[in-house]
Amino acid sequence: MSFSWYTLAFAQLTPVQLYAVMRLRQQVFVVEQQCVYLDLDNRDHTAWHMLCMQESQLVAYQRCLAPGHSYAESSLGRVVVCATMRGRQLGLELVQRGIEHNFSQWPGHDICISAQAHLQGFYGARGFVAEGSEYLEDYIPHRKMRLRAPD
């Protein structure tokens, strides 16, 4: 199975790519997870958008945020794999590419995420460490997690 990976600034996204990103995010975070929330949070304009395409289909996505946009540290967010592609290690590759991007783009800065609580093990296996207590974000239990920048 062949994938094409793209990391693009907001202004570089084509209308078709942007539509696919919004559709996938809504399909998973709003419909599948039954969570009504405002996805368009004014952070997309300053984010780097990482897309994984299989032919013309968007199958995985995340956005990478600079320090100061979600946390004082850099951040990964809206990490999503379409339902038909789960269980194939695509999420692992997606997150690893995001980690590499952030450490390359913003060296010396940790990466902080707001992980859905049931995914703490997934992120923990990639080196993220939970901080503080669980909290509700859009009615879903989350936990702040941090990956320390390499020395």
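Notes on the structure in this doc start here. (Residues numbered from 1 in each chain as written. Predicted model: local features only at pLDDT ≥ 70, side-chain atom pairs only at ≥ 80, totals over all residues. Heavy atoms only, no water.)

**Section: helix α1 (residues 15–32)**
- With 18 residues, α1 should cover 26 Å at 1.5 Å per step; its first-to-last C-alpha distance of 24 Å lies within 8% of that length.
- Taken as a whole, α1 carries its principal kink of about 30° at Gln-26.
- Residues of α1 that are buried: Gln-17, Val-21, Met-22, Leu-24, Arg-25, Val-28 and Phe-29.
- Looking at the buried positions of α1, the neighbouring elements they touch are β1 (4–9), β2 (48–54), β3 (57–65) and β4 (74–81).
- Residue Gln-34 follows α1 closely and has a positive phi angle near 50°. (Helix = DSSP H or I, 4+ residues; strand = E, 2+ residues; numbered from the N terminus. Expected span 1.5 Å × (residues − 1). Bend = angle between axes of the 7 residues up to and from the residue. Buried < 20%, exposed > 50% of the residue type's maximum accessible area, 1.4 Å probe, protein only. Contact = heavy atoms within 4.5 Å.)

**Some points on the sheet that holds β2**
- Ordered in space as β1-β2-β3-β4-β5-β7-β6, the seven strands form an open sheet in which the pairing is mixed. A single partner strand is all that each edge strand has here, and the edge strands are β1 and β6 (129–137). If you compare each strand with its neighbour and ignore which way they point, the axes differ by 25° on average.
- Pairing of strand β5 (residues 111–116) with strand β7 (residues 140–147) involves six bridges; the strand directions are antiparallel. Its bridge partner being in β7, Ser-114 is matched across the sheet by Lys-144.
- The strands that α1 touches are β1, β2, β3 and β4; relative to β3, the one it contacts most, it runs at about 90°. (Pairing = 2+ DSSP bridges. Axes fitted to C-alpha atoms, helices over the stretch in contact; angles between N-to-C directions.)

**Details of the packing of aromatic side chains**
- Per the stated rule, a full pass over the model turns up two aromatic pairs.
- Seen in terms of ring centroids, Phe-122 and Tyr-123 are 5.1 Å apart; in terms of plane orientation they differ by 80°. Their pairing is edge-to-face.
- Classification of Phe-122 as partly exposed rests on a relative accessible area of 25%.
- Classification of Tyr-123 as buried rests on a relative accessible area of 9%.
- Consider the rings of Tyr-123 and Phe-128, whose centres lie 5.8 Å apart with planes at 80°: the pair is edge-to-face.
- Taken together, the ring pairs in this structure connect Phe-122, Tyr-123 and Phe-128 into an aromatic cluster.
- Sitting above the plane of the Phe-122 ring, Arg-126 keeps its charged end 4.1 Å from the centroid. (Phe/Tyr/Trp six-rings, centres within 6.5 Å; stacked < 30°, edge-to-face > 60°. Lys NZ or Arg CZ within 6 Å of the ring centre and 35° of its normal.)

**What to know about helix α2 (residues 90–105)**
- With 16 residues, α2 extends 22 Å between its outermost C-alpha atoms, agreeing within 8% with the 22 Å of an ideal straight helix rising 1.5 Å per residue.
- When we look at burial in α2, the residues that qualify are Leu-90, Gly-91, Leu-94, Val-95, Gly-98, Ile-99, His-101, Asn-102 and Phe-103.

**Notes on the nonpolar core**
- By size, the foremost hydrophobic cluster in this structure holds 40 residues, and its most contacted members are Leu-76, Leu-90, Ile-99, Ile-111, Ile-113 and Phe-128.
- Residue assignment for this core shows that the elements contributing at least two residues are β1, α1, β2, β3, β4, α2, β5 and β7. (Core = buried A, V, L, I, M, F, W, Y, C linked by side-chain atoms within 4.5 Å.)

**A short note on the pattern of salt bridges**
- This model, assessed by the stated rule, comprises 14 salt bridges.
- Two residues, Asp-39 and Arg-25, come together in a salt bridge whose shortest N-O distance is 3.0 Å. Pair noted here: Asp-39 is in the loop between α1 and β2 and Arg-25 is in helix α1, with a separation of 14 residues, a long-range link. No difference in accessibility class separates Asp-39 from Arg-25, as the two residues are buried.
- Where Glu-131 meets Lys-144, a salt bridge forms, and the shortest distance between an N and an O atom there is 3.8 Å. Of the two residues, Glu-131 sits in strand β6 while Lys-144 sits in strand β7, which places them 13 residues apart along the sequence.
- Residue classification places Lys-144 among the partly exposed positions, given a relative accessible area of 23%. (Salt bridge = Lys/Arg side-chain N within 4 Å of Asp/Glu carboxyl O.)

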